[in-house]
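The residues making up each chain are set out below.
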Amino acid sequence: KGGKNRRRGKNENASEKRELVFKEDGQESAQVIKMLGNGRLKAMCFVDVKRLCHIGGKLRKRVWIDTSDVILVDLGDYQDNKADVILKYNADELELVNETDTLGPGDDDEIQFDYNGDDNEDIDDI
């Protein structure tokens, strides 16, 4: 049935381009601090919170995660310090995510809008 090359398999994930995934509500980007074993790791989210993350069975043997990798985690509803790993960003995806994500958390409070109208105008007159 073949020898060493059959056991190695093919590196199909490297050549495959995938769609860029951005974070949504309940998700956060994080950097891996320490691998703990048994499908768990410690990660520092970009909002300065350390979380214990669990690598699900879908990713466990298909995507290899190591320290200093950037991942996307799904925050749990029940515990703030625990999360599930959804995705590992590649190097080229990481550059695109950083370019498009210019507004960080809390930056939207500082946006100023110019208003050139009169303060005494009545809403009915408009």
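Being a predicted model, the structure only gives us computed values, none of them experimental.

How each quantity is defined
- Residues numbered from 1 in each chain as written.
- Predicted model: local features only at pLDDT ≥ 70, side-chain atom pairs only at ≥ 80, totals over all residues.
- Heavy atoms only, no water.
- Salt bridge = Lys/Arg side-chain N within 4 Å of Asp/Glu carboxyl O.
- Helix = DSSP H or I, 4+ residues; strand = E, 2+ residues; numbered from the N terminus.
- Buried < 20%, exposed > 50% of the residue type's maximum accessible area, 1.4 Å probe, protein only.
- Patch = residues over 30% accessible without salt bridge, like charges linked within 9 Å, V, L, I, M, F, W, Y side chains within 5 Å.
- Areas by Shrake-Rupley, 256 points an atom, 1.4 Å probe, with all protein chains shown as cover.
- Lys, Arg positive; Asp, Glu negative; His and termini not counted.
- Charge placed at Lys NZ, Arg CZ, Asp CG, Glu CD.
- Pairing = 2+ DSSP bridges.

Just give me the short version of the pattern of salt bridges, but keep the residues and values in it.
Applying the stated criterion to the full structure yields 4 salt bridges. Of the charged contacts, one joins Asp80 and Arg51 as a salt bridge, the two residues approaching to 3.2 Å between their closest N and O atoms. Placement of the pair is Asp80 in the loop between strand E4 (70–75) and strand E5 (82–88) and Arg51 in strand E3 (residues 50–55), with a sequence separation of 29 residues. Taking the relative accessible area as the measure of exposure, Asp80 reaches 55% and is therefore exposed. Since its relative accessible area comes to 5%, Arg51 is described here as buried. Asp69 is the partner of Lys88 in a salt bridge, and the nearest nitrogen-oxygen pair spans 3.5 Å. Placement of the pair is Lys88 in strand E5 and Asp69 in the loop between helix H3 (57–60) and E4, with a sequence separation of 19 residues. For Lys88, a relative accessible area of 22% gives the class partly exposed.

Before we move on, can you summarise a positive patch on the surface with the specific residues and values?
On the surface, a cluster of positive charge is made up of Lys4, Arg6, Arg7 and Arg8. Among the secondary structure elements, Arg7 is positioned in helix H1 (residues 4–8).

If you had to explain the pairing of E5 to someone new, which residues and values would you point to?
As a general feature of sheets, a regular strand has side chains that alternate between the two faces. Of the pairings in the sheet, the one linking E3 to E5 comprises 4 bridges and is parallel in character. Considered in E5, the bridge of Cys53 is made with Ala83. The pairing of E4 with E5 spans 5 bridges and is antiparallel. Opposite Leu75, over in E5, you have Ala83 as the bridge partner. Linking two consecutive strands that pair antiparallel, namely E4 and E5, is a turn of 6 residues.

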